[in-house]
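Each chain, letter by letter, is given below.
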Amino acid sequence: MKILVTGFDPFGGEKVNPALEAVKSLPSEINGAELHWVEIPTVFYKSAEVLEAEINRYHPDVVLCIGQAGGRASLTPERVAINQDDARIPDNDGNQPIDTPIRLDGEAAYFSTLPIKAMVQAIKEEGLPASVSNSAGTFVCNHLMYQALYLANKKFPNMLAGFMHIPYMTEQVVNKPSTASMCLRDIVRGIEVAIAAIVDHKDKDLKLVGGTTH
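Residues numbered from 1 in each chain as written. Predicted model: local features only at pLDDT ≥ 70, side-chain atom pairs only at ≥ 80, totals over all residues. Heavy atoms only, no water.

A. Geometry of the side chain of H143. Mapped onto the fold, H143 is located in helix α4 (residues 140-154). Since its relative accessible area comes to 0%, H143 is described here as buried. Here D85 takes part through its side chain, which lies 3.0 Å from a polar atom of the side chain of H143. Here H143 is in contact with F44, Y45, S47, D85 and I102, once residues within four sequence places are set aside. (Helix = DSSP H or I, 4+ residues; strand = E, 2+ residues; numbered from the N terminus. Buried < 20%, exposed > 50% of the residue type's maximum accessible area, 1.4 Å probe, protein only. Polar contact = N/O pair within 3.5 Å; in protein donor to acceptor, adjacent residues only side chain to side chain. Contact = heavy atoms within 4.5 Å.)

B. Inspection of the sheet that holds strand β1 (residues 2-8) at higher detail. Read from one edge of the open sheet, 6 strands run β2-β3-β1-β4-β8-β5, paired in mixed fashion. Unpaired on one side and paired on the other, β2 (29-30) and β5 (76-77) mark the two borders of the sheet. Relative to strand β3 (residues 33-40), β2 runs antiparallel, the two sharing 2 bridges. Directly across from E29, in β3, lies its bridge partner E34. Here helix α2 (residues 46-58) sits on the sheet in contact with β1, β3 and β4 (62-68), set at roughly 150° to β3. (Pairing = 2+ DSSP bridges. Axes fitted to C-alpha atoms, helices over the stretch in contact; angles between N-to-C directions.)

C. Up close: the layout of surface pockets. Counted as a void, the largest pocket has a volume near 440 Å³. In terms of lining residues, the largest pocket is bounded by 19 residues, among which F11, Q68, G70, R88 and F139 are the most central. By volume, the second largest pocket is sized at about 180 Å³. Along its surface, the second largest pocket is lined by 13 residues, and S112, T113, L114, I116 and D205 are the ones closest to its centre. Along the lines of polarity and charge, the residues of the lining of the second largest pocket split into 4 nonpolar, 3 polar and 6 charged. (1 Å grid on protein atoms, 1.4 Å probe; cavity = no way out; pocket = protein on both sides within 12 Å on 5 of 7 lines; lining within 4 Å. Points joined across faces, edges and corners; volume = space filled by probe spheres on them. Nonpolar A, V, L, I, M, F, W, Y, C, P; charged D, E, K, R; others polar.)

D. Inspection of the environment of F111 at higher detail. Checked against the element boundaries, F111 lands in strand β7 (residues 109-111). Look at F111 and you get exposed, because its relative accessible area is 54%. For the pair F111 and A161, spaced 50 residues apart in sequence, the C-alpha separation works out to 9.3 Å. Dropping the residues within four chain positions of it, F111 is found in contact with R79, V80 and L149.

E. Spatial organisation of the pattern of salt bridges. The final tally for this structure, using the stated rule, is 8 salt bridges. Two residues, R189 and E126, come together in a salt bridge whose shortest N-O distance is 3.2 Å. Taken as a pair, R189 in helix α5 (residues 184-200) and E126 in the loop between α3 (116-125) and α4 lie far apart in primary sequence, 63 residues in all. Its relative accessible area of 32% is what places E126 among the partly exposed residues. Among the residues examined, R189 registers a relative accessible area of 27% and is labelled partly exposed. (Salt bridge = Lys/Arg side-chain N within 4 Å of Asp/Glu carboxyl O.)

Remember that the coordinates give geometry; whether it matters functionally is a separate question.
Structural data, given as structure tokens:
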């Protein structure tokens, strides 16, 4: 099995992006699966172009995209991506689409094809906080997740795809009092066990409670 893991470059005035720092620190093999990582620009559409080019080059069985969710306190595999860009801030090329569909021929939403509940369970068993997220936002993270699942649906039907958000690294919150964070070592460890869970549960997710009341 080959797994492509993506990480965004820094955005929103940050000097680092924990997603990129984490994927660069991953081993080349987890649970018998070969890993390859790629840096993704935090730019609408260009991010998907880089992803598709890498898929065509590497031919992965699984794509796991990683992104920063500043303020979240846990590792959060995403359940769904919606066909909508609505940028609160400009991307790294200055684009700020508002209420714009991502793909005119795409579904209104695509659900992750990764075993998200098994991923959450594995992270928790490692002693790290994790939960299923039901919103990937409307910035480039949701955009890339949607594009990955669109590509899987339209062009690469045997490929699994999904997205996981991670917190700020500790270094990023020195001047952000009361803002949640996690050390890079723990972020990497959480991603590693999540990937191991993907390998183990690629054919069927665990049936565990993961919903929310609001």
